[in-house]
Amino acid sequence: MDKFSIEGSKTLHGSVDISGSKNAALPIIAATILCNKPCTINNVPDLADIVTMLKLLENMGCQYSFSNNSLKIDCSKLQSTKAEYDLVRKMRASILVLGPLVTKYSQAIVSLPGGCAIGVRPVNLHIDALKAMGAKINIEQGYVHANAKKLKGAEIYFDTPTVTGTENIIMAATLADGKTTIYNAAKEPEVVDLANFLNKCGAKISGAGSSTIEIIGVDTLKGSEYEVMPDRIEAGTFMCIAHATRSSITINNAPLYCMHSIIDKIQEAGADIHIKNDNTVVVSHSKFLPVDIKTFVYPGFPTDMQAQFTAMLTLAQGTSIIEETIFENRFQHVAELNRMGANITISGNKAIVNGVKVLYGAPVMATDLRASASLVIAALAAENTTEVLRIYHLDRGYEFLDKKLQKLGAKIKRLPQ
Ligand code: EPU
């Protein structure tokens, strides 16, 4: 296990290139189960979660090679349709294989993901929707057993827009009999990226990006070559890094078209934003103002940016109120930030962040990916040295974060823990 040692209070400069999106790449890789021919997926980030997804598919008989962010993958002849607990427990997104397996191979046995550090995170909506499409589903000894000779198109209404739930049902519906309509679908750009990939393989999906998605089932999908969208959360994280460290950073390859809520809030917090073209932005520190934030489904402010903004706003001149509406336990970074001198109190699903003048280095650790990113932001802005422990969480979702920060002039070292 590794840790980061970060000497803070350094002004950063230069430019950073944003990697491919983890949360777009994961469903797209799962979707290759549906294809009868090999696929080439480019701009795949080299992350622990991607490796977990590839291992999961390899265990089922898929063949792949992955180098220089290019994945060549052939899932056309799977020998097994079982996703084992040992891998699923490492990554909840493993549930994304359920829809593709049951629609293509008529059966699937997928371990139920357990609770997680940020909330209970049930998958009832995925399961109910597959049942509505005709799948017989039993839960036995912690595994979802799903069977269906042929899934049938259905009208699905989600009580709450679920990102991976929408993705699972889009994938299941591509090879189902007839038309499926998903109402109250998730509108996240990663859902659109998945639909674009599947349409390139011959699927008939319309409406992705809106709350009603229609899928007309087809008999087979071919393979295709596709480029994963850049990671909006990584780009947002670097915006917070620039502002928190009072630096000016150029962010290249950012999907600015889907970052309005993040850009709006960082400007309100006093950052200067200079958009150079569709995907290049210069973020500079100007003033440090408090901001109220409420997380919401897309196009609202993403829950995956909440922890990073919380860390940044600890240094604002005034009080920010941050409301988390998606996950019930996503303030675990707060106690660690307070250990660094922040002044944050929690009241229900709100964090009241009273700005302080300085943060101080301390040993800290977090229990999930974005919380860990928030500690790195605080450490880069803090006086003295901070040790961020258990950075395997960061390695799940940020590609080469330490190397990218070193290139910007940060004093960050990866050390054995
Ligand atoms: N929900 C249910 N039942 C379900 C599914 C979801 O009640 O069957 C609830 C959840 O408990 C939550 C809400 O619906 O309160 C939304 O959860 P959603 O299903 O949208 O989350 P997810 O699909 O499990 C994805 C991302 C998360 C991101 C959320 C919200 C991937 C692989 N994961 O999770 O990313 O926070 O959407 O945007 O796409 C991360 O990258 O750090 C991360 C956690």
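Residues numbered from 1 in each chain as written. Predicted model: local features only at pLDDT ≥ 70, side-chain atom pairs only at ≥ 80, totals over all residues. Heavy atoms only, no water.

1. Concerning the packing of aromatic side chains
Rule in force here: Between rings of Phe, Tyr and Trp, where Trp is taken as its six-membered ring, a pair exists when centres lie within 6.5 Å; planes separated by under 30 degrees are stacked, by over 60 edge-to-face, and by other angles tilted. Helical segments are the DSSP runs of H or I of at least four residues, strand segments are the runs of E of at least two, and each set is numbered from the N terminus. With a 1.4 Å probe rolled over the protein chains alone, any residue whose accessible area is under 20% of its type maximum counts as buried; one over 50% counts as exposed, and the rest are partly exposed.
Tallied over the entire structure, the rule returns 2 aromatic pairs. With a centroid separation of 5.7 Å and 70° between ring planes, the pair formed by F197 and Y226 is classed as edge-to-face. One end of the pair, F197, is in helix α7 (residues 189–200); the other, Y226, is in strand β14 (residues 225–227), and 29 residues separate them in sequence. Of the two residues, F197 and Y226, both sit in the buried class. For the pair F301 and F309, a centre-to-centre distance of 5.0 Å together with 85° between the ring planes defines the contact as edge-to-face.

2. Focus on the sheet that holds strand β12 (residues 204–206)
To keep it simple, the criterion reads: Note: two strands are recorded as paired if DSSP finds a minimum of 2 bridges between them. Comment: axis = line fitted to C-alpha atoms, over the contacting stretch for helices; angle = value between 0 and 180 degrees taken between N-to-C directions.
If you walk across this open sheet you meet the 4 strands as β10-β11-β13-β12, and the pairing is mixed. Of all the strands in the sheet, the pair left with one neighbour each is β10 (155–157) and β12. Averaged over all adjacent pairs, the angle separating strand axes in this sheet is 15°, with direction ignored. Pairing of β12 with strand β13 (residues 212–216) involves 3 bridges; the strand directions are antiparallel. Bridge pairing in β13 places K204 opposite I216.

3. As for the domain arrangement of the protein
The condition is simple: Reported domain spans reflect what an automatic or database domain assignment gives. Contacts are assigned to residue pairs with any non-hydrogen atoms lying within 4.5 Å of each other. We define a salt bridge as a side-chain nitrogen of Lys or Arg found within 4 Å of a carboxyl oxygen belonging to Asp or Glu. Residues adjacent in sequence count toward polar contacts only when both atoms are side-chain atoms; beyond that, a polar contact is any pair of N or O atoms within 3.5 Å, and within protein one must be able to donate a hydrogen and the other to accept it. In this classification, Asp, Glu, Lys and Arg are treated as charged, Ala, Val, Leu, Ile, Met, Phe, Trp, Tyr, Cys and Pro as nonpolar, and every other residue, Gly included, as polar.
Taken as a whole, the protein is organised into domain 1 (2–19 + 230–416) and domain 2 (22–227). Facing the 25 residues of domain 1 at the interface are 22 residues of domain 2. At the surface where domain 1 touches domain 2, the tally comes to 2 salt bridges. Across the pair D49 and R396 runs a salt bridge, and its minimum N-O distance is 2.8 Å. If you look at where domain 1 meets domain 2, you find 11 residue pairs in polar contact (both at pLDDT 80 or more). Counting residues per element, the ones that place at least two in the side of domain 1 that touches domain 2 are α12 (369–381) and α13 (392–397). For the side of domain 1 that touches domain 2, the class distribution of residues is 10 nonpolar, 5 polar and 10 charged.

4. Comments concerning the sheet that holds strand β5 (residues 70–74)
Hydrogen bonds between backbone atoms are what pair the strands of a sheet, whose relative direction is either parallel or antiparallel. Read from one edge of the open sheet, 4 strands run β4-β5-β3-β14, paired in mixed fashion. Either end of the sheet is taken by a strand with one partner, and the two such strands are β4 (63–67) and β14. If you compare each strand with its neighbour and ignore which way they point, the axes differ by 15° on average. Relative to β5, β4 runs antiparallel, the two being bridged by 5 bridges. Bridged to F66 within β5 is L71. Packing of helix α2 (residues 48–59) onto the sheet brings it into contact with β4 and β5, and relative to β4 it is tilted by some 160°. On top of the sheet, α7 reaches β3 (39–42) and β14; it is set at about 165° to β14, its chief contact.

5. So, the site of the ligand
Which entries qualify depends on this criterion: Near, as used in this document, describes a residue that has one of its heavy atoms within 4 Å of the molecule or strand being considered. For the accessible areas, the method is Shrake-Rupley and the probe is 1.4 Å, while residue cover comes only from the protein chains on display.
Every one of the 22 residues lining the ligand counts as a neighbour, but N124, T162, T164, D304 and I326 are closest to it. Between a nitrogen atom of the ligand and a side-chain N or O atom of N124, the distance comes to 2.7 Å. For the ligand, whose unbound accessible area comes to 830 Å², protein coverage reaches 86%. Of all the elements in the fold, those that place two or more residues in the shell around the ligand are α1 (22–31), α5 (124–132), α6 (163–174) and α12. By residue number, the principal contributor to the shell around the ligand is α5, which donates 3 residues. Residue classes in the shell around the ligand are distributed as 10 nonpolar, 7 polar and 5 charged.

6. Notes on the packing of α5 against α6
Here is the rule: In what follows, roughly perpendicular refers to angles from 65 to 115 degrees, roughly parallel to angles under 35, roughly antiparallel to angles over 145, and oblique to any angle outside these ranges. Each crossing is labelled by how the near helix is turned from the far one, with a counterclockwise turn of less than a right angle marking it left-handed and a clockwise turn marking it right-handed.
It is the contact of α5 with α6, at a shortest axis distance of 9 Å, that shows an interaxial angle of 25°. Looking at the two axes, α5 sits roughly parallel to α6. Considering the relative orientation of α5 and α6, their crossing is right-handed. Residues H126, A129 and L130 of α5 form the contact with α6, whose participating residues are T164, G165, N168, I169 and A172. In the contact of α5 with α6, the residues fall into 4 nonpolar, 4 polar and no charged.

7. Observations concerning the nonpolar core
The following threshold applies: Residues enter a nonpolar core if they are buried and are Ala, Val, Leu, Ile, Met, Phe, Trp, Tyr or Cys, with the set joined through side-chain atoms within 4.5 Å.
Core analysis: the biggest nonpolar cluster contains 80 residues, and I73, V97, L130, M133, F197 and L198 have the highest contact counts within it. In contact with M133, not counting residues within four places along its chain, are L151, K152, A154, I156, I169, A172, A173, A176 and T180. In this structure, A269, V291, V353 and I377 belong to the second largest nonpolar core, which totals 71 residues.

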